[in-house]
Amino acid sequence: MGCRPMAWEGPRPATDSLNSDPYNTRAEELAVADCSQGLEIRRVWSEKELVFSFGGGLVPGTPDGMFETWDGALTCVQVVRVPLVHGLEVEEAQDTLAQTVLTKVVKSQRWLRATHVQPDVFIIFCWLPFEVPLGVCAHTEALMERVQQLDPRFALRLRVPAMPGSLFPARFACNHDARKAVVHAVSESDVTAYGSDAEDTDDDEVCGWDITWCWDMDLGDLEGTTEGSEDAPDFADKPEDEWEGSHDDNG
């Protein structure tokens, strides 16, 4: 797998994101384009279409995009800009990336249970602001392998944009330490085995540790979100959380 730099510049699909911040929108467009490159696409769903089409409400973990190929394969894509900063120790970077991915997986499982969507693949697409040590990537890839033993639908992509500044504002994740102090950690035990009794159980409550959106905001508020609140409200990746200068998108 590996943290591969991405330089592909094909036509960008139109997106209809819940967060109109240009950095967030560009990150989602490029991620979906990367995942669908070389495939014959039959239909594409935007994030807003997924919110309104399935359940009619803001369910935590809504994918940033979904597409179907002509052979009937359905792929969901959840995009996150990982809040890494220069100067972190390898262990800190490993923990930040692993927590970001785990949170996305758990939230995505909740969305899948609430909507009963059955994708063939659910990609957790991580944009990294810069190249990181191979050990950081390997740590999270090993984590995803363990996740796949429980839920084989999930897959991981780690990418570094060709021009990081196009996706990461100058002060992206500048409040890394403050955010780390308030965000509740998830663990591998929070991942549900696909097809298990727990997977089939109704799960209507909202995650109290949601790091993606401020669920007390209505859709109009989210659409008006700007760079200061990046990917609508998510501590790691979707909305720009409430932290000044923190552009994370944990959806």
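Source: prediction; values computed, not measured. (Residues numbered from 1 in each chain as written. Predicted model: local features only at pLDDT ≥ 70, side-chain atom pairs only at ≥ 80, totals over all residues. Heavy atoms only, no water.)

1. Describing the overall build of the protein
So, step 1. Tallying secondary structure elements over the protein gives seven helices and six strands in all.
So, step 2. Taking all 251 residues of the protein together, the buried fraction comes to 54%.
So, step 3. Pairs at least 24 apart in sequence give 70% of the contacts found in the protein among residues at least 6 apart.
So, step 4. Approximately 10,800 Å² of the protein is accessible, and the part contributed by carbon and sulfur atoms is 51%. (Helix = DSSP H or I, 4+ residues; strand = E, 2+ residues; numbered from the N terminus. Buried < 20%, exposed > 50% of the residue type's maximum accessible area, 1.4 Å probe, protein only. Contact = heavy atoms within 4.5 Å. Areas by Shrake-Rupley, 256 points an atom, 1.4 Å probe, with all protein chains shown as cover.)

2. What to know about helix α1 (residues 22–36)
So, step 1. The first and last C-alpha atoms of α1 sit 21 Å apart over 15 residues, in line with the 21 Å expected at 1.5 Å per residue.
So, step 2. The opening residue of α1 is aspartate 21, an N-cap whose side-chain oxygen sits 3.1 Å from the backbone nitrogen of tyrosine 23.
So, step 3. Directly beyond the C-terminal end of α1, a positive phi value near 85° is found at glycine 38. (Expected span 1.5 Å × (residues − 1). Polar contact = N/O pair within 3.5 Å; in protein donor to acceptor, adjacent residues only side chain to side chain.)

3. Side note on helix α4 (residues 134–150)
So, step 1. Here α4 spans 25 Å end to end across 17 residues, near enough to the 24 Å set by a 1.5 Å rise per residue.
So, step 2. Considered for burial, the residues of α4 that qualify are Val136, Cys137, Thr140, Glu141, Leu143, Met144 and Val147. Across the axial projection of α4, the buried residues extend over an arc of 160°, all falling on one side. Exposed and facing more than 90 degrees away from the buried side of α4 are Leu134, Glu145 and Gln149. (Arc of directions from axis to C-beta.)

4. A word on the confidence of the model for the protein
So, step 1. Of the residues in the protein, 65% have a pLDDT of 70 or more, and the chain-wide mean is 76.
So, step 2. Here residues 4–14 is modelled with pLDDT under 50, and outside its nearest four sequence neighbours on either side it reaches 23 contacts, counting other chains as well.
So, step 3. Low pLDDT (under 50) marks residues 202–248, which in the prediction has 193 contacts with non-local residues, meaning those over four places away or in another chain. (pLDDT = per-residue confidence, 0-100.)

5. Looking at the packing of aromatic side chains
The relation between two aromatic rings is expressed through the spacing of the ring centres and the mutual angle of the planes.
So, step 1. This model, assessed by the stated rule, comprises three aromatic pairs.
So, step 2. An angle of 85° between the planes, with centres 4.7 Å apart, marks the rings of phenylalanine 168 and phenylalanine 172 as edge-to-face. The same class applies to phenylalanine 168 and to phenylalanine 172, which are both buried.
So, step 3. Sitting over the ring of tryptophan 70, arginine 42 keeps its end group 5.4 Å from the ring centre. (Phe/Tyr/Trp six-rings, centres within 6.5 Å; stacked < 30°, edge-to-face > 60°. Lys NZ or Arg CZ within 6 Å of the ring centre and 35° of its normal.)

6. Topic: unusual backbone geometry
So, step 1. Positive phi, close to 65°, is recorded for histidine 116, a residue that is not glycine.
So, step 2. Looking at where histidine 116 falls in the secondary structure, it is placed in the loop between α3 (90–115) and β5 (121–127).
So, step 3. On the basis of relative accessible area, histidine 116 is assigned to the exposed category, the value being 63%.

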